[in-house]
Amino acid sequence: MKFPGYGKYEMDNRKMKDMNLYRKIFPGISGLLLATAGISGCTETIMVEVGQYKDYSQNPGDIGDLEMTDIEPLRNPDRGFFVESNFLLQKAGGDYEMYNPYVYTDEGVFTETDPATVYASRMNSYGDFGRDSLTLVQQYVYLTPWISEGLDATAIGLTEEILDAVKASGLQAILRFAYSYDRENSIAGNITLDKVQRHIAQLSDAGVFSGYKGTIATLQSGFFGDWGEWAGADDTERKGVIDALLQVFPEDYSLEIRYPADKRRLGFCDDGTVSSRIGYNNDYFTAGTHAMASGNDYVGEDYTQVMDEAEEYNFYVCGELPQNEGGEWGLGDLLPLTDVLKTLKEHRYSALDVSQNYELNITSWKSQSVTADMLDSYEILFDESYFLDGEGKEVSRSFFDFVRDHLGYRLNLSPESTVSAEGGQLSYDLSLTNTGFATVVNPKDVYMVLIASDGSIAQKIRLDADPKTWVPWSADPVTADVHVVSGSASLSVASGTYKVGIWMPDPNITDPSAPAAGDAQFNVRFALNGAVTHWWSADKSCMVNIFAEITI
């Protein structure tokens, strides 16, 4: 669809969508024993309730004399703000290999045609790439030219080129395949289940899903309907595409479905093993306040379903606000911040789009203040150090920064954590919390690392740990879980002084025996709350959360 009068970037994401057919740190401990081969340890569980709480219906209060101060983002993989990107693939021999069908000049020249160069510009078109800590791209891949035939080497190669560019840009993809990108000339009616299942099988056989584990943060069901939003698809087609994806997409990563009602009706809630693999993409995030929220946003039975499943399964949940446009579907009002926080917490959001309503709601979030007292009253978990500046003075933060830094997981190490070395054994007793909205949904390895005085990594000790269990809370949403990491391991280093830290790479991106330059951008960073510092290897292959120094 062409939108006259819009130049480069301005017209992107102005595609119309048919919306009708679319939670003080360390208050408690839940034990977690991290064991390695030859490691012994113990855990304990203590539940401590903290704070006096009010209901969510309050509006933000006066921040008084507190200054609203910027804070550096805690950039982490698999979570955070994202922007949308689109590529329509073309067959060999055409004017373009691929292009964004929504971004072109007044003369009709497409200007986003090369994924190797497009992502930084796209990120910076919605604020500052680094300042806003954009870590994800919702990447639409339109397979339109192959709608009636099998995928060839060109289609597979261009898809791989896009995903290679995503990784090279330090990003990860919320991926959606589709065919119909233009409602005015919709081809959605030509999409059939046998064609979709054939393409899914071919993508799998070519290694797109297995070969890009990690780079693909989550896969949205897509394929059917305009923009892959399932409009017009019947239940057989909807169930068929999910069934096909469940067969080929890695089991340790989440698929996403648009509607909770579809998940119920199609039987995917009946088997916990299946249900745990299917998270949600809320393409109409309005915190339940929009006139068109019913049946589009998650309200009523849908809200409860997502809340209960997200707590039980800790799968991937992301969302996007409607565009600021006219008509009954547009979002031209500011969302109530308390309702936004409530939804992000209770549905355990990992990611949120900033592109579709950037000029109104997202921009306004940058000027709205939040304080520790305010979040206490809203029952939102946080680390007290987040609201202290470099001199220990209490400050407020912007709503934008708080959401940016708490989507997904935010890991905090207690200053009381200890580590010691004696008799050739490294003993450690650590406690950490997660004050993010969600947890570490996707696979991550956990290593205890010793760094020599010359800056080299002297020893890595693999811990048998699943960070996905490091949830922000379990029994009580106003009581954070503290995860205890205690044990011992044999040392294999020479006498000397060593920094000690936690290294958390993505096992599907990083080879732990030989991490590549640049891999550090996909390593998990703990919050800088006074207990941790970040250390990078000289070649940027590793980022380690340093918490102690020992002499052996």
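Residues numbered from 1 in each chain as written. Predicted model: local features only at pLDDT ≥ 70, side-chain atom pairs only at ≥ 80, totals over all residues. Heavy atoms only, no water.

### Notes on the confidence of the model for the chain
- Mean pLDDT over the chain: 88, with 88% of residues reaching 70 or higher.
- Note on residues 1-59: pLDDT is under 50 here. Beyond four places in sequence and across chains, it has 218 contacts. (pLDDT = per-residue confidence, 0-100. Contact = heavy atoms within 4.5 Å.)

### Section: helix α2 (residues 153-168)
- For α2, which comprises 16 residues, the first-to-last C-alpha distance of 22 Å matches the rise-based estimate of 22 Å (1.5 Å per residue) to within 8%.
- Buried within α2 we find Ala155, Ile156, Leu158, Thr159, Ile162, Leu163, Ala165 and Val166.
- Of the residues flanking the start of α2, the one acting as N-cap is Asp152, its side-chain oxygen 3.1 Å from the backbone nitrogen of Thr154.
- Where α2 terminates, the next one or two residues include Gly170, which has phi positive at roughly 75°. (Helix = DSSP H or I, 4+ residues; strand = E, 2+ residues; numbered from the N terminus. Expected span 1.5 Å × (residues − 1). Buried < 20%, exposed > 50% of the residue type's maximum accessible area, 1.4 Å probe, protein only. Polar contact = N/O pair within 3.5 Å; in protein donor to acceptor, adjacent residues only side chain to side chain.)

### Some thoughts on the sheet that holds strand β23 (residues 543-551)
- Read from one edge to the other, the open sheet built from five strands follows the order β19-β18-β21-β23-β22, with strand pairing classed as antiparallel. One side of each edge strand has no neighbouring strand; the edge strands of this open sheet are β19 (457-463) and β22 (533-536). Each adjacent strand pair in this sheet contributes to an overall mean axis angle of 35°, direction not counted. (Pairing = 2+ DSSP bridges. Axes fitted to C-alpha atoms, helices over the stretch in contact; angles between N-to-C directions.)

### Re the pairing of β23
- The pairing of strand β21 (residues 497-503) with β23 spans seven bridges and is antiparallel. In the sheet register, Thr497 faces β23, and the bridge partner there is Thr551.
- Direction of pairing for β22 relative to β23: antiparallel, over a ladder of four bridges. Each bridged residue has a counterpart across the sheet, and for Thr533 the counterpart in β23 is Ile546.
- Two successive antiparallel strands, β22 and β23, enclose a turn made up of six residues, where Lys540 displays a positive phi of approximately 60°.

### Overview of unusual backbone geometry
- A positive phi angle, near 70°, is found at Phe223, a position not held by glycine.
- Residue placement: Phe223 occurs in strand β8 (residues 223-226).
- Phe223 sits in the buried class, given a relative accessible area of 1%.
- Even without being a glycine, Ala287 presents a positive backbone phi close to 55°.
- In this fold, Ala287 is placed in the loop between β10 (278-282) and α8 (301-313).

### A closer look at the packing of helix α1 (residues 115-124) against α2
- Two elements in contact, α1 and α2, have axes separated by 8 Å at closest approach and are oriented at 45°. In terms of orientation, α1 lies oblique with respect to α2. Crossing hand, α1 versus α2: right-handed. In this structure, α1 contributes Pro115, Ala116 and Tyr119 to the contact, and α2 contributes Glu161, Ile162, Ala165 and Val166.
- Along the lines of polarity and charge, the residues of the contact of α1 with α2 split into six nonpolar, no polar and one charged. (Parallel < 35°, antiparallel > 145°, perpendicular 65-115°, else oblique. Left-handed = near helix turned anticlockwise from the far one by under 90°. Nonpolar A, V, L, I, M, F, W, Y, C, P; charged D, E, K, R; others polar.)

### Here's the deal with the pattern of salt bridges
- Enumeration over the complete set of coordinates arrives at 19 salt bridges.
- Between Arg176 and Glu229 there is a salt bridge, and its shortest N-O distance comes to 3.9 Å. Of this pair, Arg176 sits in strand β6 (residues 172-180) while Glu229 sits in the loop between β8 and α5 (235-248), and the two are 53 residues apart along the sequence.
- According to the relative accessible area criterion, Glu229 is buried, its value standing at 2%.
- The salt bridge partner of Lys263 is Glu309, with a shortest N-O separation of 2.8 Å. Of this pair, Lys263 sits in helix α6 (residues 260-265) while Glu309 sits in helix α8, placing them 46 residues apart in sequence.
- Taking relative accessible area as the criterion, Glu309 reaches 8% and is therefore assigned buried. (Salt bridge = Lys/Arg side-chain N within 4 Å of Asp/Glu carboxyl O.)

### A few points about the environment of Gly170
- When you line up the elements, Gly170 lands in the loop between α2 and β6.
- Under the relative-accessibility criterion, Gly170 is labelled buried at 4%.
- With 35 residues separating them along the chain, Gly170 and Thr135 place their C-alpha atoms 7.3 Å apart.
- Leave out the neighbours within four places in its chain, and Gly170 touches Arg75, Thr135, Gln521 and Phe522.

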